[in-house]
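# Descriptive analysis of the structure
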Amino acid sequence: MSGLLAGKRLLVTGVITDASIAFSVAKLAQENGAQVVLTGYGRLSLVERIAKRLPEPAPVIELDVTNPEHLAGLADKVREHVDGLDGLVHSIGFAPQSCLGGGFLDASWEDVATALHVSTYSYKSLATAALPLMSPGGAVVGLTFDATQAWPVYDWMGVAKAGLESASRYLAMHLGKQGIRSNLVSAGPLRTMAAKSIPGFEQFEDAWSERAPLGWNLTDQEPAARACLALLSDWFPATTGEIVHVDGGYHAIGA
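We now turn to the structure provided with this report.

Parameters at a glance
Residues numbered from 1 in each chain as written. Predicted model: local features only at pLDDT ≥ 70, side-chain atom pairs only at ≥ 80, totals over all residues. Heavy atoms only, no water. Helix = DSSP H or I, 4+ residues; strand = E, 2+ residues; numbered from the N terminus. Rg over C-alpha atoms; globule rule 2.2 N^0.38 Å. Buried < 20%, exposed > 50% of the residue type's maximum accessible area, 1.4 Å probe, protein only. Contact = heavy atoms within 4.5 Å. Areas by Shrake-Rupley, 256 points an atom, 1.4 Å probe, with all protein chains shown as cover. Lys, Arg positive; Asp, Glu negative; His and termini not counted. Charge placed at Lys NZ, Arg CZ, Asp CG, Glu CD. Pairing = 2+ DSSP bridges. Axes fitted to C-alpha atoms, helices over the stretch in contact; angles between N-to-C directions. Polar contact = N/O pair within 3.5 Å; in protein donor to acceptor, adjacent residues only side chain to side chain. Salt bridge = Lys/Arg side-chain N within 4 Å of Asp/Glu carboxyl O. Expected span 1.5 Å × (residues − 1). Bend = angle between axes of the 7 residues up to and from the residue.

With that out of the way, let us pick up the overall build of the protein chain. Looking only at helices and strands, the protein chain has nine helices and seven strands in total. Against the globule reference of 18 Å for 255 residues, the protein chain gives a C-alpha radius of gyration of 17 Å, in line with a compact fold. Taken along the three principal axes of its C-alpha coordinates, the protein chain extends 45 × 40 × 40 Å. When each of the 255 residues of the protein chain is scored for burial, the buried share is 53%. In the protein chain, once contacts between residues fewer than 6 apart in sequence are set aside, the share between residues at least 24 apart is 75%. Counting every atom, the protein chain has about 11,600 Å² of accessible surface; 54% of that belongs to carbon and sulfur. Of the charged side chains in the protein chain, 18 are positive and 26 negative; the average position of the first set lies 5 Å away from that of the second.

Here it is as structure tokens:
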């Protein structure tokens, strides 16, 4: 077995379609020597069909990150397929429609709480659920969207991503003593299923296409996935609490 992730065992969440970043991560990980286990929730049969499109069909575990019983049983379910984990990919986010599209001032706390639970707190809860399977040298990698500023129509999901970025730093601090890293990849806008659920998302598309120094392909998930693989690999052994921007350089350019 050869490749950047030769012999690694990975748990990848968030595969819904083959246009998702998580699918690209799983595909490239297998091509680089990793064993991959996927999680899905809600449309489990859809995830199982998508899993068969990978180079090697991957097992799928049902996981609702807001369900304590699912989290408590995660390690045992993973052990049915691999004997441990070297990496965990968090590619999970959700916000009710009231939290997106310009309704920032009107969204109820109940809806905002859902967005924060699924998109922010789950990063910690997923990592701690998988912790019994991980050993020194392991890595947790999540996906964010630049939360250093406010974006039109992104609203409470932007707040959730800001919390995710902070949570990753705290996770890096608390897991560092066990030799486990926590890093995020901040990807530019991509035409994923999640993006399609955001009213007015085309505003992001136009801005990136015009301003990113390297240009930006709205349908190419591979650059973001490659960054995830690098952070999961042994090539970043002393990097944690970091956010790697994969956005064509847009974040570095002023208005």
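This part takes up the sheet that holds strand β5 (residues 134-144). The strands making up a sheet associate through backbone hydrogen bonding, with each pair oriented either parallel or antiparallel. Across the sheet, seven strands lie side by side as β3-β2-β1-β4-β5-β6-β7; this open sheet has parallel pairing. For this open sheet the edge positions go to β3 (60-62) and β7 (243-246), each flanked by a neighbour on one side alone. Recorded for the sheet is a direction-independent mean angle of 20° between the axes of neighbouring strands. In the sheet, strand β1 (residues 9-12) pairs with strand β4 (residues 85-90) via three bridges, with the strands oriented parallel. The partner of L10 across the bridge, within β4, is G87. Here helix α1 (residues 21-31) sits on the sheet in contact with β1, β2 (35-40), β4, β5 and β6 (181-187), set at roughly 160° to β2. Contacting β1, β4, β5, β6 and β7, helix α9 (residues 222-232) runs over the sheet at an angle of about 170° to β6.

This next bit is on the side chain of S20. Secondary-structure assignment places S20 in the loop between β1 and α1. Among the residues examined, S20 registers a relative accessible area of 9% and is labelled buried. At 3.2 Å, the side chain of S20 forms a polar contact with the backbone nitrogen of F23.

We now examine the pattern of salt bridges. Within this structure, the stated rule accounts for seven salt bridges. A salt bridge links K8 to D234, with the shortest nitrogen-to-oxygen separation between them at 2.7 Å. Within this pair, whereas K8 is found in the segment before β1, its partner D234 is found in the loop between α9 and β7, the two being separated by 226 residues in sequence. D83 is the salt-bridge partner of R9, the closest N and O atoms lying 2.6 Å from each other. With R9 in strand β1 and D83 in the loop between α4 (74-79) and β4, this pair connects stretches of sequence that are 74 residues apart.

Because the α-helix completes a turn every 3.6 residues, residues three or four places apart line up on one side. Taking 1.5 Å of rise per residue, the 22 residues of helix α5 (residues 109-130) would be expected to cover 32 Å, and the 29 Å separating its terminal C-alpha atoms lies within 8% of that figure. The largest bend in α5 comes to about 55°, at S122. All buried positions along α5 are accounted for by V112, A115, V118, S119, T120, S122, Y123, S125, L126, A127, A129 and A130. Among the structural elements, α3 (68-72), α4, β4, β5, α6 (155-175) and β6 are those in contact with the buried residues of α5.

Function-wise, these values are silent; they only describe arrangement.
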